[in-house]
2 protein chains.
Amino acid sequence: MLPKLELNTIVALASAQGSGAISLIRLSGKDSIEIINKIFKGKDLTKQKPNTIHFGFIKEENEVIDEVLVSIFKAPNSFTKENSVEITCHGSSYIIQKIIELLIKQGARLAAPGEFTKRAFINGRFDLTQAEAIADLIASDTQISHNIAMNNLRGGISKKINEFRNQLINFASLLELELDFSEEDVEFADRNQLINIINELTKEIKTILDGFKLGNAVKKGVPVVIVGKPNVGKSTLLNVLLNEERAIVSDIPGTTRDFIEDQINIEGINFRFVDTAGIRKAKDKIEAIGIDRTFEKMKKASLILYLLDLENGNAQNINLEQITNLNIPYIIIGNKLDKANVDNIKYFNKNKDSLLISAYKNQNIDKLKKLMIKKLGINQNYESHTIISNARHYDIFIKINQSLNEVLSNLKQNITSELIVSDIRIALNYLGEITGEITTDDLLDNIFSKFCIGK
Amino acid sequence: MLPKLELNTIVALASAQGSGAISLIRLSGKDSIEIINKIFKGKDLTKQKPNTIHFGFIKEENEVIDEVLVSIFKAPNSFTKENSVEITCHGSSYIIQKIIELLIKQGARLAAPGEFTKRAFINGRFDLTQAEAIADLIASDTQISHNIAMNNLRGGISKKINEFRNQLINFASLLELELDFSEEDVEFADRNQLINIINELTKEIKTILDGFKLGNAVKKGVPVVIVGKPNVGKSTLLNVLLNEERAIVSDIPGTTRDFIEDQINIEGINFRFVDTAGIRKAKDKIEAIGIDRTFEKMKKASLILYLLDLENGNAQNINLEQITNLNIPYIIIGNKLDKANVDNIKYFNKNKDSLLISAYKNQNIDKLKKLMIKKLGINQNYESHTIISNARHYDIFIKINQSLNEVLSNLKQNITSELIVSDIRIALNYLGEITGEITTDDLLDNIFSKFCIGK
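If you're wondering where the values come from, they're calculated on a predicted model, not measured in any experiment.

Draft legend 1. Representation of the relation of the copies chain B and chain A. For the pair chain B and chain A, the best superposition has an RMSD of 0.1 Å and corresponds to a rotation of 180° with a translation of 0.0 Å parallel to the axis. Such a combination of turn and shift is consistent with a two-fold rotation axis. When each C-alpha of chain B is compared by its distance to the rotation axis, Thr52(B) comes out closest, at 2.2 Å. Most of the interface of chain B is mirrored in chain A, where 100% of its interface residues again form contacts.

Here you go:
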């Protein structure tokens, strides 16, 4: 079922581009060691033990290109399970380019995006969910996204899927036994017991589908809009939230992650503020709930922050239907608490979904952040169960769920075992698609082409 | 003479920041292996042989931070000549930061800029010129700059300085012998022979000083200005030159060097066009030779391209004195060759420093590029001798030259050997400053603080 592996030796820069002290170039394939040996001066690399490091020179004719360290890995004990070589060279763009050129001249070819990971998958180092988790791991920039990716890289999803598979296979074999003896009208499998098994499975799958909400929020971020009348303090609130984030992003020099404009990280979830240009520029514009554009903005969001003015506004006049009809989580925020009018405060104290703040005085901003997380309705207890963050997996789990519901309904209607077994086989097939046991070239190309070269 | 080394173990990210498949974290210092061992699960790294690679996990309590490869190096067989460790981890900003944090918790400290190279220098792995060449090597993005840096990293300057030193020491010992027997008025050293030796040395130093012109141009680029009357075609010429460069900069995906705006690379030398904003915007402005601003521009340049209009201009009226008085290399370029007026062509054919082109039709642009290189008067035969590209070395060689001239003049005037020996000692001291045998903390701080963290 798996595609046949091309046996060429591939090469790519594996460390990040840009200025650094050291860069790392990776070779993988049967001839890796022979190929590096042709341009390496110092010793005969083909005679070295695996997992050893060798100092020497990369030369082009008599010209020294660089002083390097070469690490030797031998199949199957390497990332790709092929012979592999890692070259640690000085981080100069000229040197990197030159060394890759020389390796290509000696018979390597430039790796396609994700090709190292693809080879590792095809050679059985891990399944497809683990290969996909590598890309997530590299992209992860918060503890939660890291933990989810690491759990899946270490086989979190695979393990879950194996449990499902074993239960479905047991289930199917019970039914198949029945089929073998069908003429004798024997019922080996207790239908109620079967229904219980499927109920348990669908419950677990529901947990996984619910977990995707967290997984996806962690991976893609949560789009938030701030809406409200002019001068209610939208841009002040935005700046208070963003400035705190700016102050936090730093830590160890040389490892600072990029500050992403208009995004804040609350308990590991990235909230992306949508259409902030509008908020920053909107000083003169009439902009309030009720205008079409505002509705368009709100529809794009996964969370709405609806700002009211405690000083000049009149809370009694609020028409919340416009928001509640959208069926998107929202928070009613009374701003300018420092100069609030008493009637407005009274109104707010009656409203559970609301919060009083002063963006200007940085008052209750922490409470707002906690409420933002709470409003997402995400089960943050991610450590207790497998979290999927991959839309491909989510789509397949939806289909598995449908198959199992089909099974359940057929069981209840006493439909023949033959049909039920066929539904179970469909569900098993879907499980195989997630782990990559059942796959196509197109699917693999689609997955790995999203990786970078060198991965 | 050398500063005492602090014995802490240092840590830093050594590969480039940013997104990549793999990142490399470096530890150096006596306790490197013990420190990594405390957070590494898989095997006991303190019991492993040097130059070996080990797969395992970095853990914080029970949480897996990453699957990594750890390379072990033992003093003195490492870059810094100390115990060292290289950790190859996934290229995620979260993982990098976390691993460095954990290593710091276990007793490492974050490395200062250039501290790995500084330790290598202090521990005698190489001299100061070689340490400086590492920064040049990493920054080099053309073949020439790479070759110059690599030659110096491999001891090109050091070797030359040793030759000078040996000759000066021989020379001094001849004179000192004379001093020992001074009461007897014996002259052991033939003064003419001594003069010849110094002449030879100053000749070699002159070659080195001249070579700095190339070294510096290669390292810093050559500032060029394009001047000429409005509508003479300045921006067309600029675009023709820059567009060719844009098309060339590429090669191997993943290794592409940055395209630097308004800079072109001709035979390994970067020409930087100065004040191009003026050229692009100057459509309406009256701008021509004679205006103060243009002179200011020209004074900043190392090469002037003076454009004349072969169609509408009148070459007879050119007053070249304004340019020749600046004493900066220049090229007179007749543009719009495709629509040229015959008299103008005649004039140009008589002028050796000129060239006819059509920027619009891309005519003779290659000839122009060749002429630009030629006009710099650089001896490009860089392979035959040591090239310095470091202003610190240049300044010291100037001083050595002065000392030797002093020696020469004293020899000719039959000044006592005592004084001459003292001048020679001064020159020897300067040589020691270049290689770092004679140095101060301030000088080292100054040199290495310009390195990045991780180098």
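Draft legend 2. Broad picture of helix H15 (residues 417-435) of chain A. All names here are of chain A. A rise of 1.5 Å per residue sets the reference length of H15, with its 19 residues, at 27 Å; its end C-alpha atoms lie 27 Å apart and thus fit the reference within 8%. If you check which residues of H15 are buried, you get Ser 417, Ile 420, Val 421, Asp 423, Ile 424, Ala 427, Leu 428, Tyr 430, Leu 431, Gly 432, Ile 434 and Thr 435. Positive phi shows up at Gly 436, right after H15, with a value of about 90°.

Draft legend 3. Quick look at helix H14 (residues 391-412) of chain B. Residues and elements named next belong to chain B. The terminal C-alpha atoms of H14 lie 32 Å apart, and with 22 residues this matches the ideal 32 Å at 1.5 Å per residue to within 8%. Here H14 has its buried residues at Arg 392, His 393, Ile 396, Phe 397, Ile 400, Asn 401, Ser 403, Leu 404, Val 407, Leu 408, Asn 410 and Leu 411. Against the buried residues of H14 lie helix H4 (128-139), helix H6 (156-180), helix H7 (191-220), helix H15 (417-435) and helix H16 (441-448). The N-capping residue of H14, defined by a side-chain oxygen 2.8 Å from the backbone nitrogen of Arg 392, is Asn 390. Positive backbone phi, approximately 55°, marks Asn 414, located one or two places after H14.

Draft legend 4. A look at the pattern of salt bridges. Residues and elements named next belong to chain A. Overall, the coordinates contain 36 salt bridges over all chains when judged by the stated rule. The residue Lys 336 makes a salt bridge to Asp 309 at a minimum N-O spacing of 3.1 Å. Pair noted here: Lys 336 is in the loop between strand E12 (330-335) and helix H12 (342-350) and Asp 309 is in strand E11 (residues 303-309), with a separation of 27 residues, a long-range link. On the accessibility criterion, Lys 336 (15% relative accessible area) is buried. We classify Asp 309 as buried; its relative accessible area is 14%.

Draft legend 5. View of the pairing of strand E1 (residues 10-13) of chain B. Residues and elements named next belong to chain B. Every second residue of E1 is oriented toward a common face, with Ile 10 and Ala 12 on one face and Val 11 and Leu 13 on the other, all of them buried. One ladder, built from four bridges, connects E1 with strand E2 (residues 22-28); its direction is antiparallel. From the neighbouring strand, Leu 13 faces E2, where its bridge partner is Ile 25. Sheet analysis places E1 next to strand E7 (residues 109-110), joined by two bridges and oriented parallel.

Draft legend 6. Spotlight on unusual backbone geometry. Going from Ala75(A) to Pro76(A), the amide bond is cis rather than trans, its omega being 0°. With respect to the element layout, Pro76(A) can be found in the loop between strand E5 (63-73) and strand E6 (84-90). Look at Glu61(A): it is not a glycine, yet its phi comes out positive at around 50°. Looking at Glu61(A), the relative accessible area reads 75%, which means it is exposed. Although it is not a glycine, Asn231(B) adopts a positive phi angle of roughly 65°. Position of Asn231(B) relative to the elements: it lies in the loop between strand E8 (222-227) and helix H8 (234-248). Classification of Asn231(B) by relative accessible area gives exposed; the value is 63%.

Draft legend 7. Spatial organisation of the sheet that holds E8(B). All names here are of chain B. If you walk across this open sheet you meet the six strands as E9-E10-E8-E11-E12-E13, and the pairing is mixed. Every other strand in the sheet has two partners, leaving strand E9 (263-266) and strand E13 (354-356) as the edge strands with one partner each. Each strand of the sheet is rotated relative to its neighbour by a mean of 25°, with strand direction disregarded. As judged from the four bridges shared by E8 and strand E11 (residues 303-309), these two strands associate in the parallel manner. Paired with Val 227 across the two strands is Tyr 306, which belongs to E11.

Draft legend 8. Inspection of the sheet that holds strand E10 (residues 269-273) of chain A at higher detail. Residue and element names in this part refer to chain A. Judged by pairing direction, the sheet is mixed, and its six strands sit side by side in the order E9-E10-E8-E11-E12-E13 without closing on themselves. Each edge of the open sheet is held by one strand with a lone partner, namely strand E9 (263-266) and strand E13 (354-356). Going across the sheet, the axis of each strand differs from the next one's by a mean of 30°, ignoring polarity. Examined bridge by bridge, E11 and E12 share six bridges and lie parallel to one another. Paired with Tyr 306 across the two strands is Ile 332, which belongs to E12. Helix H7 (residues 191-220) rests against strand E8 (222-228) and E10 of the sheet, and its axis sits at about 60° to E10. H12 rests against E11, E12 and E13 of the sheet, and its axis sits at about 140° to E13.

Draft legend 9. A look at the interface of chain B and chain A. Residue-level contacts link 63 residues of chain B with 63 residues of chain A. Of the roughly 5,200 Å² buried where chain B meets chain A, counting both sides, 62% is carbon and sulfur surface. When residues of chain B are sorted by the area they lose upon contact with chain A, Ile22(B), Ile53(B) and Tyr94(B) head the list and together hold 12% of the total. At the surface where chain B touches chain A, the tally comes to zero salt bridges. Counting every contact that joins chain B to chain A gives ten residue pairs in polar contact (both at pLDDT 80 or more). Of all the elements in the fold, those that place two or more residues in the side of chain B that touches chain A are E2, strand E4 (52-60), strand E5 (63-73), strand E6 (84-90), helix H2 (93-105), H4 and helix H5 (143-153) of chain B. A per-element tally of the side of chain B that touches chain A places E5(B) first, with nine residues. Across the side of chain B that touches chain A, the residue classes break down as 28 nonpolar, 23 polar and twelve charged.

Draft legend 10. Here's a closer look at the domain arrangement of chain A. As far as domains go, chain A holds domain 1 (10-127), domain 2 (139-216 + 390-436) and domain 3 (221-376). The C-alpha-based centres of domain 1 of chain A and domain 2 of chain A are spaced at 42 Å.

Quick notes on the rules
Residues numbered from 1 in each chain as written. Chains lettered and ligands numbered in written order. Predicted model: local features only at pLDDT ≥ 70, side-chain atom pairs only at ≥ 80, totals over all residues. Heavy atoms only, no water. Least-squares fit on C-alpha atoms with pLDDT ≥ 70 in both. Contact = heavy atoms within 4.5 Å. Helix = DSSP H or I, 4+ residues; strand = E, 2+ residues; numbered from the N terminus. Expected span 1.5 Å × (residues − 1). Buried < 20%, exposed > 50% of the residue type's maximum accessible area, 1.4 Å probe, protein only. Polar contact = N/O pair within 3.5 Å; in protein donor to acceptor, adjacent residues only side chain to side chain. Salt bridge = Lys/Arg side-chain N within 4 Å of Asp/Glu carboxyl O. Pairing = 2+ DSSP bridges. Axes fitted to C-alpha atoms, helices over the stretch in contact; angles between N-to-C directions. Buried area = accessible area lost by both parts, 1.4 Å probe. Nonpolar A, V, L, I, M, F, W, Y, C, P; charged D, E, K, R; others polar. Domains from an automatic or database assignment.

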